[in-house]
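The chain contents come next:
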Amino acid sequence: MATHSEQLPLFDPATGIADGPALAASAPAPARSRQSRPGAPSGARPRSPARPRPSERRWRERAFEVVAETLWPTRCAVCDRPGTPLCPDCIASLPYIDSLLACPRCGAPFGRVQCTECNRVLLAAFGYEEPPYRQATSPLVLTEKVRRIVTVYKDQGERSLARPMASLMARATPPPWLDDDAVAFVPATAAARRRRGFDHAEHLARELSWLLDVDFTPLLATPRRLDQRRLGRIERIQNMREALRVLPGATVPDAVILVDDVCTTGSTLFAATEALKAQGARTIHALTFARA
Ligand SMILES: [Zn+2]
Ligand SMILES: [Zn+2]
């Protein structure tokens, strides 16, 4: 594992916190969050005619926080233990991909010597000679436990998971990628974004931008569709090729770290990479939280 992780801002598994930018300031409010605290200090409280003294106000706020934490506590996404979005025991027990055994091209967990995911014969069946990206990597294998983290993050609106997730991704990032020009992300469809109240990959990319000290740069437009679940790999790639486009007017830099939450068939990353390369990018490094 690269030593660059020593340079990264420290993530404290005990608190789930690393010193970093306040995402809340840059992101829209969640539609539904396990941590949402109605009336918490950032929310708009109605002004009462007789405003309480500062000490009284602080006491009320503190009392409300205690009640809110009791009613809507932060819990570990995996084991449900209260306290942090991802507890130290669960972080330690995740199925990490060993970079010394993984495929140096596509990041498949045991593809170092002979990869079954990105060899020429297999790729030829999908119309490729080689993966369009330069390299792809993920810290984790997409097991049930890891899938649960992604589900709690995306579909239950637990945005506080973005930081520990991004922290694990940052530690799996090969040092040469830190010279890239931009961190971009694969955007969710408009419907998914509306449903969740945020774009999960954008949130991860913003965190990664800060952790890796590489500029956050949205480059891809919101895809027009689509549910890929019933499609085979060839159909998925074709579907995504039509759906993913570079944002109108965006200047695509030379080298880009492309962020998504998971890589299952690779079709989304392939299509997003092709779109960016068609507009001038030369090197795409694909970074996902987990891969199948
Ligand atoms: Zn746990
Ligand atoms: Zn491979």
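Attention here is on the structure that accompanies the text. Source: prediction; values computed, not measured.

**Examining the overall build of the chain**
So, step 1. Along the chain, the regular secondary structure elements total 9 helices and 7 strands.
So, step 2. A buried classification covers 37% of the 292 residues belonging to the chain.
So, step 3. The contacts of the chain with a sequence gap of at least 6 include a subset with a gap of at least 24, amounting to 74%.

**Details of unusual backbone geometry**
So, step 1. The residue Asp80 is not glycine, and still its phi comes out positive at about 70°.
So, step 2. Within the secondary structure, Asp80 sits in the loop between α1 (54-71) and α2 (88-92).
So, step 3. A count of 10 C-beta atoms within 10 Å places Asp80 in the exposed class.
So, step 4. In this structure, Asp213 takes a positive phi of about 60° despite not being glycine.
So, step 5. Turning to its location among the elements, Asp213 is positioned in the loop between α7 (200-212) and α8 (233-243).

**Re the pairing of strand β6 (residues 255-263)**
So, step 1. Most of β6 sits out of view: 7 of its 9 residues are buried.
So, step 2. For strand β5 (residues 182-185) and β6, the ladder comprises 4 bridges, and the chain directions are parallel. Across the sheet, Val183 pairs through a bridge with Ile257, a residue of β6.
So, step 3. Traced from β6 through helix α9 (residues 267-278) to strand β7 (residues 283-291), the parallel crossover comes out right-handed.

**Notes on helix α4 (residues 144-155)**
So, step 1. Across its 12 residues, α4 extends 15 Å between first and last C-alpha, which sits within 8% of the 16 Å expected from 1.5 Å per residue.
So, step 2. If you follow the buried residues of α4, they end up packed against β4 (140-141), α5 (162-171), α6 (190-196), α7, β6 and β7.
So, step 3. Just beyond α4, the residue with positive phi is Gly157, at close to 70°.

**A closer look at the nonpolar core**
So, step 1. Grouped together as the largest cluster of nonpolar side chains are 64 residues, with contacts concentrated most on Ala184, Leu204, Leu208, Leu258 and Val259.
So, step 2. Those elements that place two or more of their residues in this core are α4, α5, β5, α7, α8, β6, α9 and β7.
So, step 3. The greatest single-element share of this core, amounting to 7 residues, is contributed by α7.
So, step 4. Counting residues domain by domain, this core receives three or more from each of domain 1 (53-91) and domain 2 (129-291).
So, step 5. Other than its neighbours up to four places away in sequence, Leu204 contacts Ala162, Met165, Ala166, Phe185, Val259, Asp261 and Phe289.

**A word on the packing of α8 against α9**
When two helices pack together, their arrangement is given by the angle between the helix axes and the distance between those axes.
So, step 1. With their axes 8 Å apart at the nearest point, α8 and α9 run at an angle of 35° to one another. Pair α8 / α9 crosses with right-handed handedness. In this structure, α8 contributes Arg233, Arg236, Ile237, Met240 and Arg241 to the contact, and α9 contributes Ser267, Thr268, Phe270, Ala271 and Glu274.
So, step 2. Grouping the amino acids of the contact of α8 with α9 by side-chain chemistry returns 4 nonpolar, 2 polar and 4 charged.

**Quick word on the packing of α5 against α7**
So, step 1. Packing of α5 against α7 leaves a shortest axis separation of 9 Å and a crossing angle of 55°. Here α5 lies oblique to α7, going by the angle between them. Crossing of α5 over α7 shows right-handed handedness. On α7, the residues touching Ala162, Arg163, Met165, Ala166, Ser167, Met169 and Ala170 of α5 are His203, Leu204, Glu207, Leu208, Leu211 and Leu212.
So, step 2. When grouped by side-chain class, the residues that make up the contact of α5 with α7 number 9 nonpolar, 2 polar and 2 charged.

About the cut-offs
Residues numbered from 1 in each chain as written. Chains lettered and ligands numbered in written order. Predicted model: local features only at pLDDT ≥ 70, side-chain atom pairs only at ≥ 80, totals over all residues. Helix = DSSP H or I, 4+ residues; strand = E, 2+ residues; numbered from the N terminus. Buried ≥ 20, exposed ≤ 12 C-beta atoms within 10 Å, placed from the backbone. Contact = placed C-beta atoms within 7 Å. Pairing = 2+ DSSP bridges. Right-handed = clockwise from strand over helix to strand, strands pointing away. Expected span 1.5 Å × (residues − 1). Core = buried A, V, L, I, M, F, W, Y, C linked by C-beta atoms within 7 Å. Domains from an automatic or database assignment. Axes fitted to C-alpha atoms, helices over the stretch in contact; angles between N-to-C directions. Left-handed = near helix turned anticlockwise from the far one by under 90°. Nonpolar A, V, L, I, M, F, W, Y, C, P; charged D, E, K, R; others polar. Parallel < 35°, antiparallel > 145°, perpendicular 65-115°, else oblique.

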